[in-house]
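Residue-level structural notes
Here are the chains, one letter per residue:
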Amino acid sequence: MEFLIQNVLTAVPLPAQIREQIIEDTLKGAMPAKYAWPEKGMLEDLSRAVLDICVPTLVLAGENDQVEKFDLLERVLVPNIPTARMTIIPETGHLSPLEVPDKIASEIRVFLRG
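Here is a short report on the structure shown in this document. (Residues numbered from 1 in each chain as written. Predicted model: local features only at pLDDT ≥ 70, side-chain atom pairs only at ≥ 80, totals over all residues. Heavy atoms only, no water.)

**Description of the overall build of the protein chain**
When you go through the protein chain residue by residue, the secondary structure sums to 6 helices and 2 strands. Reading the helices (α) and strands (β) of the protein chain from amino to carboxyl end gives α-α-α-β-α-β-α-α. For the C-alpha atoms alone, the extent of the protein chain along its principal axes is close to 40 × 30 × 20 Å. Taking all 114 residues of the protein chain together, the buried fraction comes to 24%. Taking all contacts inside the protein chain whose residues are at least 6 apart in sequence as the whole, residues at least 24 apart take part in 68%. For the protein chain, the exposed surface amounts to about 7,900 Å²; the carbon and sulfur share of it is 59%. Across the protein chain, the mean location of the 11 positive side-chain charges is 3 Å away from that of the 17 negative side-chain charges. (Helix = DSSP H or I, 4+ residues; strand = E, 2+ residues; numbered from the N terminus. Buried < 20%, exposed > 50% of the residue type's maximum accessible area, 1.4 Å probe, protein only. Contact = heavy atoms within 4.5 Å. Areas by Shrake-Rupley, 256 points an atom, 1.4 Å probe, with all protein chains shown as cover. Lys, Arg positive; Asp, Glu negative; His and termini not counted. Charge placed at Lys NZ, Arg CZ, Asp CG, Glu CD.)

**Observations concerning the side chain of Thr-57**
On the secondary structure map, Thr-57 appears in strand β1 (residues 57-62). A relative accessible area of 14% means that Thr-57 is categorised as buried.

**As for the pairing of strand β2 (residues 84-89)**
Pairing analysis gives 6 bridges linking β1 to β2, with the strands arranged parallel. Note on β2: the bridge partner recorded for Ala-61 is Ile-88. Taken together, β1, helix α4 (residues 70-77) and β2 constitute a β-α-β crossover, and its handedness is right-handed. (Pairing = 2+ DSSP bridges. Right-handed = clockwise from strand over helix to strand, strands pointing away.)

**Thoughts on the pattern of salt bridges**
If you walk through the whole model with that rule in mind, you get 4 salt bridges. Note that Arg-19 is salt-bridged to Glu-2, the shortest N-O span being 3.2 Å. Here Arg-19, found in helix α2 (residues 16-28), pairs with Glu-2, found in helix α1 (residues 2-9); they are 17 residues apart in sequence, far enough to count as distant. Arg-19 sits in the partly exposed class, given a relative accessible area of 22%. Between Lys-28 and Glu-24 there is a salt bridge, and its shortest N-O distance comes to 3.4 Å. Here Lys-28 pairs with Glu-24, and both are found in helix α2, just 4 residues apart, close to one helical turn. A relative accessible area of 62% places Lys-28 in the exposed class. Of the residues examined, Glu-24 reaches a relative accessible area of 40% and is grouped as partly exposed. (Salt bridge = Lys/Arg side-chain N within 4 Å of Asp/Glu carboxyl O.)

**Brief notes about unusual backbone geometry**
With a phi close to 55°, Glu-91 is a non-glycine residue in the positive phi region. For Glu-91, the position within the fold is in the loop between β2 and α5 (96-99). For Glu-91, a relative accessible area of 55% puts it in the exposed group.

Pasting the structure below:
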């Protein structure tokens, strides 16, 4: 699990307490859900479903996210949400809210003010 956290989910080291919480939360998940996510959830095509989103939308993407790569979001997701704006968070991975919570909060505040 440590390998996954350090090499896939994050781009910056996390404090031990947060890493332990990620591991604990992951272990609590139901086994069918753990299998369903990579087998079905990650392969699901949402491009048609997101066409119905008609509110201002902020897509935050980690620059080094190995799970939801920003270039894919930029090509496939954002163009299908008419109101979407995308911001790439530098030097972060998939768990950017845990890696740089202040930056995420700041981006959301700026978006809400706009």
